[in-house]
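Residue strings, one per chain:
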Amino acid sequence: IARMSSHRFPPKAEKSPPMQSLALPAINARMTERDEALHIHDPVRTKYVRCTPEEWVRQHWIHFLRNARNVPLGLMTVEQAFTWQGRTHRADLVVHTRTGDPLLLLECKAPSVPLTQDVFDQTSRYNQELRAPFWIASNGHMHYVCRVDLDAGRADFLDELPAYDELCAKASAA
């Protein structure tokens, strides 16, 4: 796989269904209309969920992680709850190792939401609790992939996201 700059990763889709086109590979999503709203099938939660702009981004990432990075669906958790400073928060998507440890935190924003310092701060705060060695912040157009060393307080941006087995190997080598 050729190296790409973080804002162009993954490659842009050729086409996409009725929602806004994203800079992620196109997905063949199962969609339905319910209560006058569009719903999309989430293969992780195995149910239809309302297709908000943020959900549209998350579903593209789920398909990309499963199809292009070989992440098993059973090792993904959507809206994983955790407590931080006495309040319950929900991580958009967490990928786990085969032993159940958090490996990758994905923070999804709607395509209209810019990826600002506030988004990076939110992702970092969530990850202080989850302690995943990798995180991604994405609005579907821009994507930032980061490798984190929580003990050293260091984060390095990556040009691409390695496949699942390589992520696991890099996490255990840290």
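Residues numbered from 1 in each chain as written. Predicted model: local features only at pLDDT ≥ 70, side-chain atom pairs only at ≥ 80, totals over all residues. Heavy atoms only, no water.

What to know about the sheet that holds strand β5 (residues 87-96)
By way of backbone hydrogen bonds, the strands of a sheet pair with one another, either parallel or antiparallel.
In step 1: Pairing is mixed in the open sheet, where 6 strands are placed in the order β4-β5-β6-β7-β8-β9. Here the strands that pair on one side only, and so sit at the sheet edges, are β4 (76-84) and β9 (154-158). On average, each strand axis in the sheet is tilted by 35 degrees relative to the strand beside it, whichever way the strands run.
In step 2: Judged from the 4 bridges that link them, β5 and strand β6 (residues 102-108) form a sheet pairing that is antiparallel. When the sheet's bridge partners are listed, V95 is paired in β6 with L104.
In step 3: Along the sheet, helix α3 (residues 164-173) makes contact with β5, β6, β7 (134-138) and β8 (143-149), crossing β6 at roughly 115 degrees. (Pairing = 2+ DSSP bridges. Helix = DSSP H or I, 4+ residues; strand = E, 2+ residues; numbered from the N terminus. Axes fitted to C-alpha atoms, helices over the stretch in contact; angles between N-to-C directions. Contact = heavy atoms within 4.5 Å.)

Re the packing of aromatic side chains
Ring pairs (aromatic) are described by centroid distance and by the angle formed between their planes.
In step 1: The final tally for this structure, using the stated rule, is 6 aromatic pairs.
In step 2: For the ring pair F120 and Y144, a centre distance of 5.3 Å and an interplane angle of 90 degrees mean the geometry is edge-to-face. One end of the pair, F120, is in helix α2 (residues 117-130); the other, Y144, is in strand β8, and 24 residues separate them in sequence.
In step 3: With a centroid separation of 6.0 Å and an interplanar angle of 65 degrees, the aromatic rings of F120 and F157 are classed as edge-to-face. Taken together, the positions of F120 in helix α2 and F157 in strand β9 put the pair 37 residues apart, joining distant regions of the chain.
In step 4: By relative accessible area, F120 is classed as buried at 15%.
In step 5: By relative accessible area, which is 47% here, F157 ends up partly exposed.
In step 6: Here the aromatic residues F120, W135, Y144 and F157 are joined through ring pairs into a cluster of three or more. (Phe/Tyr/Trp six-rings, centres within 6.5 Å; stacked < 30°, edge-to-face > 60°. Buried < 20%, exposed > 50% of the residue type's maximum accessible area, 1.4 Å probe, protein only.)

This is a description of form; function is not addressed.
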